[in-house]
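Coordinate inspection notes
Listed below, chain by chain, are the residues.
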Amino acid sequence: MTEQRAPAVRRLEALVERVAPRDSERWEARPSLKRGRQVSASRARQLRSTVSQLGLAVGHEGMPEGCGRSVKRLLSPQAVDVFLDLAGEGVFRSPQRPDLMGKPLSWPSRAALRDCLKILGEEAGVAVVLPRVARESGAEPVTERQAAVVYRKLADWAAQAPADAQSARALAVVGVILDTGMQTAGMVSRTVGDVELEPGLIRAVYHTQNAEHLPVVEAVLPLRPGTVTAIRQWLVFREELVTGLEGSDHGALWVTLSPTAAGFGADGLPLTYEAGMPLKQWGFRAAHVRAMGRLNAALAGQWDPSAWGSWVPLPTTPEALRRAVDVEALVPELAELRGRFEGLDEEPVVRWADGPHPGVPSFAVHGRESTYTNYRCRCKACYLEMSRKNAARRAARGG
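Residues numbered from 1 in each chain as written. Predicted model: local features only at pLDDT ≥ 70, side-chain atom pairs only at ≥ 80, totals over all residues. Heavy atoms only, no water.

Some remarks on empty space enclosed by the protein
Under the criterion given, the structure shown has two cavities of 30 Å³ or more. The calculated volume of the largest cavity comes to roughly 90 Å³. Surrounding the largest cavity, Q166, R169, A170, V173, V174, L279, F284, A287, H288 and A291 form its lining. Going through the elements one at a time, α8 (165-180) and α11 (281-301) are the ones with two or more residues in the lining of the largest cavity. At five residues, the largest contribution of residues to the lining of the largest cavity is made by α8. Its residues placed into classes, the lining of the largest cavity shows seven nonpolar, two polar and one charged. (1 Å grid on protein atoms, 1.4 Å probe; cavity = no way out; pocket = protein on both sides within 12 Å on 5 of 7 lines; lining within 4 Å. Points joined across faces, edges and corners; volume = space filled by probe spheres on them. Helix = DSSP H or I, 4+ residues; strand = E, 2+ residues; numbered from the N terminus. Nonpolar A, V, L, I, M, F, W, Y, C, P; charged D, E, K, R; others polar.)

Concerning the side chain of D115
Secondary-structure assignment places D115 in helix α6 (residues 107-124). The exposure class of D115 is buried, given its relative accessible area of 17%. Not counting the four nearest positions on each side in its chain, D115 is found in contact with R43 and R376. (Buried < 20%, exposed > 50% of the residue type's maximum accessible area, 1.4 Å probe, protein only. Contact = heavy atoms within 4.5 Å.)

Some thoughts on the packing of helix α5 (residues 77-88) against α6
Close contact between α5 and α6 brings their axes to 11 Å; oriented N to C, the two are set at 150°. Relative to α6, α5 is oriented roughly antiparallel. Where α5 crosses over α6, the handedness of that crossing is right-handed. Of the residues in α6, those touching α5 at V80, F83, L84, A87 and G88 are R110, L113, R114 and L117. (Axes fitted to C-alpha atoms, helices over the stretch in contact; angles between N-to-C directions. Parallel < 35°, antiparallel > 145°, perpendicular 65-115°, else oblique. Left-handed = near helix turned anticlockwise from the far one by under 90°.)

With respect to the sheet that holds strand β2 (residues 201-206)
Across the sheet, three strands lie side by side as β1-β2-β3; this open sheet has antiparallel pairing. Strands with a single pairing partner mark the edges of an open sheet, and in this sheet they are β1 (195-196) and β3 (217-222). Here β1 runs beside β2; their pairing, made up of two bridges, is antiparallel. Along β2, the bridge assignment pairs V195 with I202. (Pairing = 2+ DSSP bridges.)

Here it is in structure tokens:
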């Protein structure tokens with residue numbers, strides 16, 4: 001028996017199929033969104049997931065009656081408010097994953113859901129009003145004092161020659177992130193040739209988020225002695241791992257420690273990613289999470305609250321760890337490229353920053369943090385207001 005889906009859901013499915021076709025032959029020729037760019041593969045999955053959740057929502061007793069009759073009703077403020085609340089609680093998770101049913105969505109997942117609702121509304125010609133929500137922080141921020149103590153502990157461990165490759169790589173990775181604030185993409189692209197141990201330098205790269213039209217920024221930055229020691233210890237293990245590979249050294253700084261599964265080949269047989277091969281982004285993140293779990297356990301066991309204050313676990317993801325670094329202070333060129341404007345006391349000028357910023361509605365009020373966050377506006381007024389709010393939060397935490 002054919003499943004009967006609500007008219008609103010069928011229309012949204014058709015809209016998603018148009019901009020993100022499942023057929024690989026149609027994918028390359030997919031049209032752009034109304035906001036001016038094509039959807040990525042990850043965004044396509046998010047859009048399909050959002051429509052699937054909306055399909056489950058139209059039959060839920062908590063949703064407004066008759067919301068599935070049209071997209072306008074389904075994306076009305078009343079329906080969207082209820083949907084986001086219920087979806088955030090995990091009510092509309094996929095039935096194919098019963099183990100996740102009822103598990104609340106993470107904040108990144110909630111943010112993606114909100115973005116997808118906005119995109120669906122734009123494609124359907126329906127104005128979607130999203131509720132303003134404050135994003136919860138994943139953990140208590142690490143103070144500068146604790147970060148300094150943690151770094152000294154890590155440097156001491158590196159000087160004592162780590163007993164295994166995982167510890168050596170973890171100490172080197174954490175040191176480089178704390179010294180440079182590099183993103184994951186920049187970290188995994190580093191080569192041995194990018195590091196100069198004698199003068200203690202590393203060639204770093206930075207990508208400007210949400211601005212693909214802007215160039216990559218490169219900078220040569222100093223490394224602290226503890227980081228240099230950690231990298232030197234890691235390179236000993238790396239050489240042993242890379243020596244076992246066929247052919248010449250590929251040069252990647254961060255490599256795998258053991259063979260890992262890499263999908264299946266054309267013959268249906270499993271493929272293996274050998275130890276000593278370059279770490280990719282997904283592997284780098286997964287390895288970092290595991291390593292930080294070990295480091296947090298070790299640090300907590302040696303922490304002296306009377307001398308250093310209460311223990312706050314370090315963030316387990318590389319993205320969260322790098323937020324402790326003032327990257328723009330390290331790389332002025334990046335600050336300029338991201339649009340940090342001079343003259344903060346001047347009257348904010350409501351204008352577009354250089355480059356396309358589609359998707360900001362005409363009714364948006366510029367010079368507000370919510371416009372910067374909810375609509376991703378990067379005009380001067382919104383950027384300055386966001387900067388002021390962030391500075392006030394940092395001052396409050398420090399006080």
